[in-house]
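Each chain is listed here by its residues.
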Amino acid sequence: MTDPIVQLRDIGVRFGTVPVLVAVDLTIAPGEVVGVAGPNGSGKTTLLGVVATLIRPNSGTGRVLGAALGTDDVRRVRRRIGLSGHEPAVYPDLTLAENLRFVARIAGVTVEAADRALADVGLAAAADRPAGRSSHGMQRRIDLARMLMLEPDLVLLDEAHAGLDQDAEVIIDVILERTRRRRGAALIVSHDAERLARQVDRVLRIEAGATV
Amino acid sequence: MSSFWRQALQVAKRDLLVEGRAGEGVGIVLPFGALAVFVVPLATSGSASLLADLAAPVYWLVTLLFGMQLALRQTATETVPQRRLLVLLGLDPVARFVGRTLSAWVLLIGLQLVLIPLVVLFYEPEPVPTPALMLPALALYALGLAMLGTLAGDLTVGLRTRTALAPMLAAPLAVPLVMGASQSLISISRGEGILTWTLLLVATDLALSVAGVVTARPLEETAT
Amino acid sequence: MTKRILPVLAGLALVAALAVALSSPPDVLQGDFVRILYIHVANAWLAFLAFGVTAAASIGWLVRKKPGYDRVAASSAEIGVLFTAVTLFTGMIWGKPIWGTFWDWGDARMASTALMFFVYLGYLALRRATPDRQARARRSAILGVIAVVQVPLVYFSVTLWRTLHQGLTIRPDSVQMEPAMLVALLVNVGAFSLLYLALLTARVRLARLEEAAEAHERAPAGRAVTAPRLETGQ
């Protein structure tokens, strides 16, 4: 009997005085890919932040990769979590290659692995382009290249399909395939219901901060 | 190399690389500081003896205020996605503090060195007998400002009023640094010893490093 | 019960302090102006105490993360600003007749206290700039820790500066105290301490009420977003 990768019970989050998540329950088993859908402002991005252990819940309990949310224990598992947010996490003044290499060196991974990942996502020819002068889609591919390079056990994608062309969709497919094979898990937020349905095992719907 | 120092040096290297490309420090803050040095005499009677007396105070004031601007430069300020990425990568928050301080230190020393000949040119202060004695004080002063600037920057990340708030928080706490450095110069010009002031600078830098290490982890959470 | 007793006690103590200050003997050198010192020194002592409480509560919050620590830290800082302002003001009023000038750079303590005033203002500015309660508590606690390490150094450096460059001769702390004057000083310190406690408890209570009002059930953010009321082809 393996423990779930993600287990949230009755999670609540408020920003200032405003509740954003109210009594959210979520369980993701190893090998599972779950989609999240819902209207604007429903709390999808916040949910991803909680699962990424970056947002402390104000109420409820949760475990991610075995670490209890809201405790220092989460530091232990963060390296196994991969997050691609709304905005790509790139340094605009560094080239695409330099961005990946910087991440590699911080994470203790070889520079060769970074270059390999860059080529895998089809950006080898643009390696020396400053990230700030690359398109949003290219920056997104860097985020995904990072996932390929670091092989996280928990993959979190926010607005996964935004800015990605048809060609690049195979990148997400490969990431999810490899994650499943490793018995990891993934949580994907998307407004594109069609593409989402194709890639996930089930869809969680969120409305006004609560799972429905 | 231990992973702590590898991470710290990577962060410092990244900051300096970004500065080399974006040029906010060298291209904007430095000339702005030079301009400030140049403008002050225009607000005085222009008497040579007054300017000679003003040279050191103006130098310390400009290095303090514009040094803070350097340490807090926008191009070095990380966005929320960047900070989140680093947290998830397991970047040691203390290594991050050390790396940021190192890069700020390099830039601040640059600022200080460039302003010296300008102040000498425009204010013609009394020559100092053994100027080389000032080097340790300048290095310690720059290090303290670098740490203070990094702390103030991290403390105010994401706040709308950051541009004015961060230097305002740092300035009163920078007094021991300004004191140590400026009084060292005065002592050297009089041929007196600078041990007391050097010790003050060392003590302040030590205190700031302790503060930096102790607050590194709590500060990490402000970014997410 | 404490709600009423403390403010009343403080009020009575302040009246007593005023009475004692006015009836105590004049100083050999300063004459009647020494009376201002009773208020000045008492407020200076309270300003330090308030700052110390803010620092301790900040450390407490970082260790325990309980909101009570944050309330105390912030309330004490606000009151500390008040006492520091009174310290500086009374110092200046005392300075004019004694030194002939409102401000004397030769007085290390006044200069350091003015710097501490700015540190407090910065602390309050940081709190005002941070809307989210958790973030506000965390950031101000961190600033509290940094300040606790740096402010003693600030004081020390300014004192060092003054001992090496001799200033004027009469300092607030160089007054020779007769027993009657000492009594007047202690009564004032006691009275202002009670005032501090009264203000602190009231302010902390207010903070708690503010937080309770905020936590009152609010609709989740998502409810505010509805489907657009547009149609194509119109």
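First, a word on scope: everything that follows refers to the structure included in this document. Each residue is numbered by its place in its chain's sequence as written, counting from 1. As a convention, the first chain written is A and the first ligand written is 1, with the rest following in written order. Owing to the predicted nature of the model, reporting of local features is limited to residues with pLDDT of at least 70; listing and counting of side-chain atom pairs is limited to 80 or more, with chain, interface and lining totals taken over all residues.

The helix count covers DSSP runs of H or I at least four residues long, the strand count covers runs of E at least two residues long, and both are numbered beginning at the N terminus. Counting its regular elements, chain A contains seven helices and ten strands. When we talk radius of gyration, it's over C-alpha atoms, and the globule rule is simply 2.2 Å times the number of residues to the 0.38. Its C-alpha atoms give chain A a radius of gyration of 17 Å, within 12% of the compact-globule value 17 Å for 212 residues. With the C-alpha coordinates aligned to their principal axes, the bounding extent of chain A is approximately 45 × 35 × 35 Å. Whether a residue is buried, exposed or partly exposed follows from its count of other C-beta atoms within 10 Å of its own C-beta, namely 20 or more, 12 or fewer, or something in between, respectively; the C-beta atoms are built from the backbone. Taking all 212 residues of chain A together, the buried fraction comes to 50%. Contact between two residues is assigned whenever their backbone-derived C-beta positions fall within 7 Å. If you take every contact in chain A between residues at least 6 apart in sequence, the share linking residues at least 24 apart comes to 71%.

In terms of regular secondary structure, chain C is built from six helices and zero strands. Listing the helices and strands of chain C from first to last along the sequence gives α-α-α-α-α-α. The C-alpha atoms of chain C give 23 Å as radius of gyration, which overshoots the globular expectation for 234 residues (17 Å, by more than 25%). A principal-axis box enclosing the C-alpha atoms of chain C has dimensions of 95 × 45 × 40 Å. Of all 234 residues assigned to chain C, the portion counted as buried reaches 40%. Sequence separation of 24 or more characterises 81% of the internal contacts of chain C that already satisfy a separation of 6 or more.

Residue and element names in this part refer to chain A. Regarding helix α4 (residues 111-120), the residues found buried are Ala114, Ala117 and Leu118. Seen along its axis, α4 keeps its buried residues to an arc of 100°; they face one direction. The elements touched by buried residues of α4 are α3 (96-107) and α5 (136-150). Following α4 by one or two positions, glycine 122 has its phi on the positive side, about 85°. This arc corresponds to the set of directions leading from the helix axis out to the C-beta atoms.

Let us now look at the sheet that holds strand β10 (residues 210-211) of chain A. Residues and elements named next belong to chain A. Strand order in the open sheet formed by six strands is β6-β7-β8-β3-β9-β10, and the pairing between neighbours is mixed. Pairing within the sheet leaves two strands with one partner each, and these edge strands are β6 (81-84) and β10. Of the pairings in the sheet, the one linking strand β9 (residues 202-207) to β10 comprises two bridges and is antiparallel in character. By the bridge assignment for β10, glutamate 207 is matched with alanine 210. Against the sheet, α5 engages β6 and β7 (154-157), with an angle of about 170° to β6. Two strands are said to pair when DSSP picks up at least two bridges between them. Structural elements are reduced to axes, namely lines fitted to C-alpha atoms, with helices fitted over the stretch in contact, and the angle between N-to-C directions of any two is expressed from 0 to 180 degrees.

With that settled, the discussion passes to the sheet that holds strand β1 (residues 6-15) of chain A. All names here are of chain A. If you walk across this open sheet you meet the four strands as β2-β1-β4-β5, and the pairing is antiparallel. The sheet is open, and its two borders are formed by β2 (18-28) and β5 (67-68), each paired with just one other strand. In this sheet, strand β4 (residues 59-64) lies alongside β1 in antiparallel orientation, the contact comprising five bridges. Its bridge partner lying in β4, arginine 9 is registered against threonine 61.

We now examine the packing of helix α1 (residues 3-22) of chain B against helix α5 (residues 93-123) of chain B. Residue and element names in this part refer to chain B. Packing of α1 against α5 leaves a shortest axis separation of 7 Å and a crossing angle of 40°. In terms of orientation, α1 lies oblique with respect to α5. Crossing of α1 against α5: the hand is right-handed. Of α5, the residues touching α1 (which contributes Phe4, Gln7, Ala8, Leu9, Gln10, Val11, Ala12, Asp15, Leu16 and Glu19) are Ala95, Arg96, Val98, Gly99, Arg100, Leu102, Ser103, Val106 and Leu107. Here roughly perpendicular refers to angles of 65 to 115 degrees, roughly parallel to angles under 35, roughly antiparallel to angles over 145, and oblique to all remaining angles. Two helices crossing with the near one rotated counterclockwise from the far one by less than a right angle form a left-handed crossing, whereas a clockwise rotation gives a right-handed crossing.

All right, on to the interface of chain C and chain B then. Opposite the 23 residues of chain C that make contact, chain B presents 27 residues. Residue type decides the class: Asp, Glu, Lys and Arg count as charged, Ala, Val, Leu, Ile, Met, Phe, Trp, Tyr, Cys and Pro as nonpolar, and the leftover types, Gly among them, as polar. The residue makeup of the side of chain C that touches chain B, split by class, is 17 nonpolar, four polar and two charged.

Turning our eyes to something else, we now look at the pairing of β2 of chain A. Here is the key point about a regular strand: its side chains alternate between the two faces of the sheet. All names here are of chain A. In this structure, β1 lies alongside β2, joined through seven bridges in antiparallel fashion. Bridge pairing in β2 places glutamine 7 opposite threonine 27. Connecting β1 to the antiparallel partner β2 that follows it, the hairpin turn spans two residues, and glycine 16 within it adopts a positive phi of roughly 65°.

Turning our attention to the environment of arginine 162 of chain C. All names here are of chain C. Here arginine 162 shows up in helix α5 (residues 133-164). Here arginine 162 falls in the partly exposed class, since 18 other C-beta atoms lie within 10 Å of it. On a C-alpha basis, the gap between arginine 162 and glycine 106 in space is 6.1 Å, while along the polypeptide they are 56 residues apart.

A few words now on the interface of chain A and chain B. Residue-level contacts link 20 residues of chain A with 21 residues of chain B. Of the residues assigned to the side of chain A that touches chain B, the class counts are 13 nonpolar, two polar and five charged.

Our next topic: the environment of alanine 107 of chain A. Position of alanine 107 of chain A relative to the elements: it lies in helix α3. Distance in space between the C-alpha atoms of alanine 107 of chain A and leucine 150 of chain A is 8.1 Å, their sequence separation being 43 residues. Once residues within four sequence positions are removed from consideration, alanine 107 of chain A is found in contact with Leu150 of chain A together with Leu89 of chain B.

This paragraph deals with unusual backbone geometry. Residues and elements named next belong to chain A. Of note in this structure, leucine 65 is not a glycine but carries a positive phi near 50°. Checked against the element boundaries, leucine 65 lands in the loop between β4 and β5. Its identity is not glycine, yet arginine 183 carries a phi of approximately 65°, on the positive side. When you line up the elements, arginine 183 lands in the loop between α6 (169-181) and β8 (185-189).

On to the packing of helix α3 (residues 67-99) of chain C against helix α4 (residues 108-129) of chain C. When two helices pack together, their arrangement is given by the angle between the helix axes and by the axis-to-axis distance. All names here are of chain C. Following both chains from N to C, one finds α3 and α4 inclined at 150°, their axes separated by 9 Å at the closest point. Judged by the inter-axis angle, α3 sits roughly antiparallel to α4. Both α3 and α4 take part in a crossing whose hand is left-handed. Facing Ala74, Ala77, Glu78, Gly80, Val81, Thr84, Ala85, Thr87, Leu88 and Gly91 of α3, the residues of α4 in contact are Met110, Thr113, Ala114, Met116, Phe117, Tyr120, Leu121, Tyr123, Leu124 and Arg127.

Here we take up the nonpolar core. By convention the nonpolar core is taken to be a set of buried residues drawn from Ala, Val, Leu, Ile, Met, Phe, Trp, Tyr and Cys and joined through C-beta atoms within 7 Å. One finds Leu108, Leu145, Ala146 and Leu148 of chain B to be the most contacted residues of the largest nonpolar core, which totals 112 residues. If one sorts the elements of this core by residue count, helix α2 (residues 34-64) of chain C sits on top with 15 residues. Among residues more than four places away in sequence, those in contact with leucine 148 of chain B are Ala170, Leu173, Ala174 and Leu208 of chain B. Residues Leu48, Leu176 and Val200 of chain A together with Ala76 of chain B belong to the second largest nonpolar core, which totals 81 residues.

Right, let's get into α3 of chain C. One less than the number of residues in a helix, times 1.5 Å, gives the span that helix is expected to have. Over its 33 residues, α3 of chain C extends 46 Å from the first C-alpha to the last, a length consistent with the 48 Å expected when each residue adds 1.5 Å. Downstream of α3 of chain C by one or two residues, glycine 100 of chain C has phi in the positive range, about 85°.

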